[in-house]
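Residues per chain, in single letters:
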Amino acid sequence: MADAKVIPFDDDRRRRRTAGASEPQHDAWPGQGEAGEATGTGDPSGAEDASEAEGGTGPAGGGWEERVAQGLAFLRRRLTGEYEVDEFGYDAELTDQVLLSFLRPMYENYFRVEVRGIEHIPDTGGALLVSNHSGTVPLDGLMLQVAVRDHHPAGRALRLLAADLVFTLPVVSELARKAGHTLACTEDAQRLLERGEVVGVMPEGFKGIGKPFAERYKLQRFGRGGFVSTALRAGAPIVPCSIVGAEEIYPMVGNSRTLARLLGLPYFPITPTFPWLGALGAVPLPTKWIIQFGEPIPTDGYPAAAAEDPMLMFNLTDQVRETIQHTLYELLVRRRSVFF
Amino acid sequence: MGRVVLVTGVARQLGGLLVGRIQREPDVDRVIGVDVRTPVHQLGDAQFVRADIRQPAIAGVLAEHRVDTVVHMDIHGTPLTPRGSRASVKETNVIGTMQLLGACQKAPEIRRLVVKSSTSVYGSAPRDPAVFDEGIEPKAPASGGFAKDVVEVEGYVRGFSRRRPDVAVTVLRFAHVLGPTVDSPMGDYFTLPVLPTVLGHDPRLQFVHEDDAVEVLRMVSGEPARGRFHAGTFNIAGAGVLLLSQCARRLGRPTLPLLSPAIRWAGSAMRTAGLTDFSPEQIGMLTHGRVVRTARMREVLGFEPRHSTAETLEDFARGYGCGLLPPEAVGRTVDRVAAGLAGLSGERHEEKEPGSHG
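This is a predicted model, so every value here is computed, not measured.

The rules we used
- Residues numbered from 1 in each chain as written.
- Chains lettered and ligands numbered in written order.
- Predicted model: local features only at pLDDT ≥ 70, side-chain atom pairs only at ≥ 80, totals over all residues.
- Heavy atoms only, no water.
- Helix = DSSP H or I, 4+ residues; strand = E, 2+ residues; numbered from the N terminus.
- Rg over C-alpha atoms; globule rule 2.2 N^0.38 Å.
- Buried < 20%, exposed > 50% of the residue type's maximum accessible area, 1.4 Å probe, protein only.
- Contact = heavy atoms within 4.5 Å.
- Areas by Shrake-Rupley, 256 points an atom, 1.4 Å probe, with all protein chains shown as cover.
- Lys, Arg positive; Asp, Glu negative; His and termini not counted.
- Charge placed at Lys NZ, Arg CZ, Asp CG, Glu CD.
- Phe/Tyr/Trp six-rings, centres within 6.5 Å; stacked < 30°, edge-to-face > 60°.
- Core = buried A, V, L, I, M, F, W, Y, C linked by side-chain atoms within 4.5 Å.
- Salt bridge = Lys/Arg side-chain N within 4 Å of Asp/Glu carboxyl O.
- pLDDT = per-residue confidence, 0-100.
- UniProt positions renumbered as here; feature names shortened; annotations may be inferred.
- Pairing = 2+ DSSP bridges.
- Axes fitted to C-alpha atoms, helices over the stretch in contact; angles between N-to-C directions.
- Buried area = accessible area lost by both parts, 1.4 Å probe.
- Polar contact = N/O pair within 3.5 Å; in protein donor to acceptor, adjacent residues only side chain to side chain.
- Parallel < 35°, antiparallel > 145°, perpendicular 65-115°, else oblique.
- Left-handed = near helix turned anticlockwise from the far one by under 90°.
- Nonpolar A, V, L, I, M, F, W, Y, C, P; charged D, E, K, R; others polar.
- Expected span 1.5 Å × (residues − 1).

Peer 1: An account of the overall build of chain B is needed here, citing residue identities and associated values.
Peer 2: A tally of helices and strands in chain B yields 12 helices and 15 strands. The C-alpha radius of gyration computed for chain B amounts to 22 Å, which stays within 12% of the reference 21 Å derived for 358 residues, consistent with globular compactness. Along the first, second and third principal axes, the C-alpha atoms of chain B reach 80 × 40 × 40 Å. Counting only residues that meet the buried cut, chain B has 54% of its 358 residues in that class. Sequence-distant contacts in chain B: of pairs separated by 6 or more residues, those separated by 24 or more amount to 81%. Surface accessibility of chain B: about 15,300 Å² in total, with carbon and sulfur atoms responsible for 54%. Charge separation in chain B, taken as the distance between the mean sites of 43 positive and 40 negative side-chain charges, equals 4 Å.

Below you can see the structure in the form of structure tokens.
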């Protein structure tokens with residue numbers, strides 16, 4: 001356990017930079033393979049070959065007919081209902097081919113997300129990704145999902161745990177379910193981890209995402225640490241994850257409690273531009289993002305009753321929280337500017 | 001001497017099917033069907049007793065025939081006759097169950113009680129886990145309607161099993177039963193020419209095929225196989241999950257997304273017209289959906305449905321025919337477009353965009 005507390009930032013970064021430079025761009029039409037199904041080899045080049053072979057000619061010229069044929073085959077499956085969803089409503093095909101391709105321009109060109117330490121997410125089996133939460137609007141979760149799907153050698157699908165508010169809203173709830181998100185509750189999280197999925201959780205919840213701009217990058221309380229006992233029960237490693245850049249997309253300088261209560265929201269953000277500029281004010285600032293995954297904290301060495309031990313839960317929760325907080329500070333010190 | 005099985009609610013198709021199936025069991029001597037109305041379908045050699053389970057007379061029926069197994073199927077969300085009222089349905093569900101359980105308690109020969117319950121007991125709420133285990137208590141208790149009936153019925157059944165520990169009590173919580181012959185609220189809904197849906201929601205649904213429903217009821221009404229237990233509460237659903245949009249496309253029926261207040265009005269209008277029942281809990285179902293875990297059914301009960309959720313829907317579609325937009329025709333149209341495009345050597349790549357709304 002002792003070595004899990006040490007996060008070798010520098011080594012990690014150097015390794016990641018060289019790897020990241022040569023990382024090929026993913027085709028907008030990734031392989032048809034079942035999401036979350038790892039290739040098993042863990043060899044990035046192998047995974048790339050597979051997706052290249054299935055994805056046809058790729059973005060290079062001359063492949064338009066095949067692209068059209070693929071698009072029509074996709075349209076045919078969609079219109080006749082011949083596709084599969086899992087028990088949580090996750091529609092892997094729709095997520096990979098449509099939902100994520102809407103997010104990719106934002107991910108690649110707008111926030112220019114830099115991913116480090118992605119190899120800390122295992123190639124197979126369950127893992128619990130614990131991340132900080134910020135930005136007034138949960139774009140950080142969506143960007144995290146793109147990062148894991150596109151940059152992980154096994155192309156793993158991230159299953160995010162979302163607040164219940166998400167599932168009461170029309171359209172949002174439908175899209176969230178289809179993108180593989182589910183309610184942040186022990187039952188669902190444990191079920192997903194036992195099935196060997198990568199589950200993403202942001203334990204700060206509304207306290208983190210709706211905190212004022214002055215408190216940026218200060219981690220809020222991590223709930224009751226339920227995520228640790230869930231990971232322990234499933235024996236899944238905890239991967240701490242720090243996201244830098246999301247805090248500044250909507251600098252929340254005020255919170256209108258009256259409006260929030262009227263609309264039934266946990267907070268109503270007031271930023272220098274929103275709601276003054278209307279829809280224009282809802283455009284996020286183009287900050288530069290860094291997503292850093294830390295060393296996984298193993299949870300399989302504990303006895304069966306450990307998940308009921310409150311002391312151990314608090315200690316592990318603190319350890320995860322400290323790791324994320326330190327990484328955040330580390331990344332902030334090295335960051336050149338908010339926007340570059 | 002063989003078993004004597006009493007089945008309530010035999011005037012409905014599922015009850016009738018079960019009576020027919022149980023008669024063929026080698027160890028069953030007699031099957032007694034009970035309902036308030038004479039069934040229109042044949043019950044074979046089974047004896048039909050016209051009795052109202054809401055009346056104490058049901059105790060006499062149990063004693064007279066020395067019944068040892070009771071299969072209580074008379075728990076429904078919709079009235080037996082189209083003109084029946086919701087109040088009478090509730091009375092049959094709740095008072096009927098109370099009377100029947102009271103009669104069972106007084107009958108010393110009873111060894112086995114099977115109750116056909118519903119996954120409605122979990123309700124449909126956004127704050128509940130996505131997948132329900134038998135042990136999960138819903139966060140929002142049922143406020144009324146069929147869901148509340150089922151919660152109350154299961155409460156009485158639990159009370160009964162405490163008072164009569166010698167009786168093996170099985171509660172089967174069925175997902176929507178669909179099939180070519182049985183009618184159910186979900187089946188009625190799927191036969192509408194245009195399916196009204198709740199705008200911005202795509203619920204997850206699970207179905208049980210009528211044959212599987214009859215089979216599991218037959219199985220638990222008999223002696224358990226070695227190493228299996230029938231007593232307890234079990235979710236019964238076919239494997240896999242379908243979204244409502246998927247069901248509509250596979251059935252070839254167009255959908256009409258409505259805002260939730262509008263669907264309530266449409267629902268009451270349709271109820272008045274006698275088309276289908278659009279109860280508040282069904283609207284909740286169409287908004288948030290419901291999925292249950294069936295691990296206990298497989299592992300403890302040892303029952304594996306022969307039809308998955310998708311196969312059940314397919315069989316249902318075969319029975320009722322396709323809607324206005326048969327999937328084959330849609331598929332052919334897309335194929336024709338593909339062929340046309342191939343002729344044009346693929347200059348119009350924007351064709352793939354309409355599919356983006358899933």
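Moving on from the coordinates now.
Peer 1: Just give me the short version of the packing of aromatic side chains, but keep the residues and values in it.
Peer 2: Any pair of aromatic rings gets described here by the distance separating the centres and the angle formed by the planes. According to the stated counting rule, one finds 10 aromatic pairs over all chains in the structure shown. Measuring from ring centre to ring centre gives 6.1 Å for Phe268(A) and Phe274(A), while their planes differ by 35°; the resulting arrangement is tilted. Given the relative accessible area of 23%, Phe274(A) is considered partly exposed. Taking the centre distance of 5.8 Å and the plane angle of 80° together, the rings of Phe190(B) and Phe207(B) count as edge-to-face. Within this pair, whereas Phe190(B) is found in helix 5 (residues 185–190), its partner Phe207(B) is found in strand 11 (residues 207–209), the two being separated by 17 residues in sequence. Like Phe207(B), Phe190(B) is buried.

Peer 1: Tell me about the nonpolar core, and name the residues and values.
Peer 2: Core analysis: the largest hydrophobic core is formed by 66 residues, its most contacted members being Val7(B), Val70(B), Leu172(B), Phe174(B), Ile236(B) and Leu301(B). By residue number, the principal contributor to this core is helix 6 (residues 210–221) of chain B, which donates six residues. For Phe174(B), the residues in contact, after removing those within four places along its chain, are Lys116(B), Ser117(B), Ser118(B), Thr119(B), Val208(B), Ala213(B), Val216(B), Leu217(B) and Ile236(B). Core analysis: the next-biggest nonpolar cluster, separate from the first, contains 37 residues, Val201(A), Phe227(A), Leu331(A) and Val291(B) among them.

Peer 1: Describe the pattern of salt bridges, with residues and values.
Peer 2: Summed over the entire model, instances satisfying the criterion amount to 39 salt bridges over all chains. Here Arg173(B) ties to Glu154(B) by a salt bridge, and the two come within 2.5 Å at their closest N and O atoms. Taken together, the positions of Arg173(B) in strand 7 (residues 168–174) and Glu154(B) in helix 4 (residues 145–163) put the pair 19 residues apart, joining distant regions of the chain. Comparing Arg173(B) with Glu154(B) shows no difference in burial state: the two are buried. A salt bridge links Asp315(B) to Arg318(B); its shortest N-O distance comes to 3.0 Å. Of the two residues, Asp315(B) and Arg318(B) both sit in helix 11 (residues 309–320), three residues apart, roughly one turn of that helix. Here Asp315(B) falls in the buried class, since its relative accessible area comes to 16%. Assessed through its relative accessible area of 59%, Arg318(B) is described here as exposed. Bridged by salt links that share partners, the residues Asp86(A), Glu87(A), Arg159(A), Arg191(A), Arg195(A) and Glu197(A) form one connected network.

Peer 1: Describe the confidence of the model for chain A, listing the residues and the values that go with them.
Peer 2: Residues shown with low pLDDT carry predicted positions that ought not to be read at fine detail. Of the residues in chain A, 82% reach a pLDDT of 70 or more, and the chain-wide mean stands at 82. Taken together, the stretch residues 1–61 of chain A has pLDDT below 50 and engages in 80 contacts with residues farther than four places along the chain or on a different chain.

Peer 1: Could you give an account of the UniProt feature "domain: Phospholipid/glycerol acyltransferase" (unreviewed entry) in chain A, with specific residues and numbers?
Peer 2: According to UniProt, the positions carrying the feature "domain: Phospholipid/glycerol acyltransferase" (unreviewed entry) are residues 127–246 of chain A. As annotated, residues 127–246 of chain A comprises 39% helix and 19% strand, and the C-alpha atoms at either end are separated by 23 Å.

Peer 1: Before we move on, can you summarise the confidence of the model for chain B with the specific residues and values?
Peer 2: With 94% of its residues at a pLDDT of 70 or more, chain B shows a mean pLDDT of 87. Across the interfaces of the predicted complex, the ipTM metric reaches 0.85, alongside a pTM of 0.83.

Peer 1: I'd love a proper account of the pairing of strand 4 (residues 69–72) of chain B, names of residues and values included.
Peer 2: Residues and elements named next belong to chain B. Because side chains alternate across strand 4, one face comprises the buried residues Thr69 and Val71, and the other comprises Val70 and His72, equally buried. Alignment of strand 1 (residues 3–8) against strand 4, held across three bridges, turns out to be parallel. Counted as the bridge partner of Val5 is Thr69 from strand 4. Sheet topology note: the strand 4/strand 5 (residues 112–118) ladder contains four bridges and is parallel. By the bridge assignment, His72 is partnered in strand 5 with Val115.

Peer 1: Can you break down the sheet that holds strand 1 of chain B residue by residue, with the values?
Peer 2: All names here are of chain B. The parallel open sheet is built from seven strands, whose spatial order is 3-2-1-4-5-7-12. Looking at strand neighbours, the two that pair on one side only are strand 3 (47–50) and strand 12 (232–236), the edges of this open sheet. Across the sheet, the axes of successive neighbouring strands diverge by a mean angle of 20°, strand direction being ignored. Those strands touched by helix 6 are strand 1, strand 4, strand 5, strand 7 and strand 12, and its axis lies near 170° from that of strand 7.

Peer 1: An account of the interface of chain A and chain B is needed here, citing residue identities and associated values.
Peer 2: Taken together, the contacts link 40 residues of chain A with 40 residues of chain B. Its largest share of buried area at the contact with chain B, chain A owes to Leu72(A), Arg76(A) and Glu87(A), together 16% of the area lost on that side. In this structure, Asp202(B) and Lys178(A) form a salt bridge, with 2.8 Å as the shortest nitrogen-oxygen distance. At the boundary of chain A and chain B, one finds 14 residue pairs in polar contact (both at pLDDT 80 or more). Listed by contribution, the elements that provide at least two residues to the side of chain A that touches chain B are helix 3 (64–80), helix 4 (92–110), helix 6 (164–168), helix 7 (172–178), strand 4 (182–183) and helix 8 (186–194) of chain A. Looking at the side of chain A that touches chain B, the element that brings in the most residues is helix 3 of chain A, giving 11 residues.

Peer 1: Break down the packing of helix 3 of chain A against helix 4 of chain A for me, citing the residues and quoting the values.
Peer 2: Residue and element names in this part refer to chain A. Between helix 3 and helix 4, whose axes approach to 12 Å, the crossing angle comes to 135°. On the basis of their axis angle, the class for helix 3 and helix 4 is oblique. For the pair helix 3 and helix 4, the crossing hand works out as left-handed. Contacts between helix 3 and helix 4 involve Phe74, Arg77 and Arg78 from the first element and Glu93, Leu94, Gln97 and Val98 from the second. Of the residues that constitute the contact of helix 3 with helix 4, the class distribution is three nonpolar, one polar and three charged.

Peer 1: I'd like to hear about helix 6 of chain B, residue by residue, with values.
Peer 2: Residues and elements named next belong to chain B. For helix 6, spanning 12 residues, the distance from its first C-alpha to its last is 17 Å, which sits close to the expected 16 Å at 1.5 Å a residue. Within helix 6, 10 of the 12 residues are buried, which leaves it mostly tucked inside the rest of the structure. Looking at helix 6, one finds that the buried residues are Glu210, Asp212, Ala213, Val214, Val216, Leu217, Arg218, Met219, Val220 and Ser221.

Peer 1: Let's hear about the environment of Thr95(A): which residues, and what values?
Peer 2: Residue and element names in this part refer to chain A. Within the secondary structure layout, Thr95 lies in helix 4. You can call Thr95 buried: its relative accessible area is 1%. With 222 residues separating them in the primary sequence, Thr95 and Thr317 have C-alpha atoms 31 Å apart. The residues contacting Thr95, other than those within four sequence positions of it, are Tyr90, Leu100, Gln145, Lys178 and Ala179.

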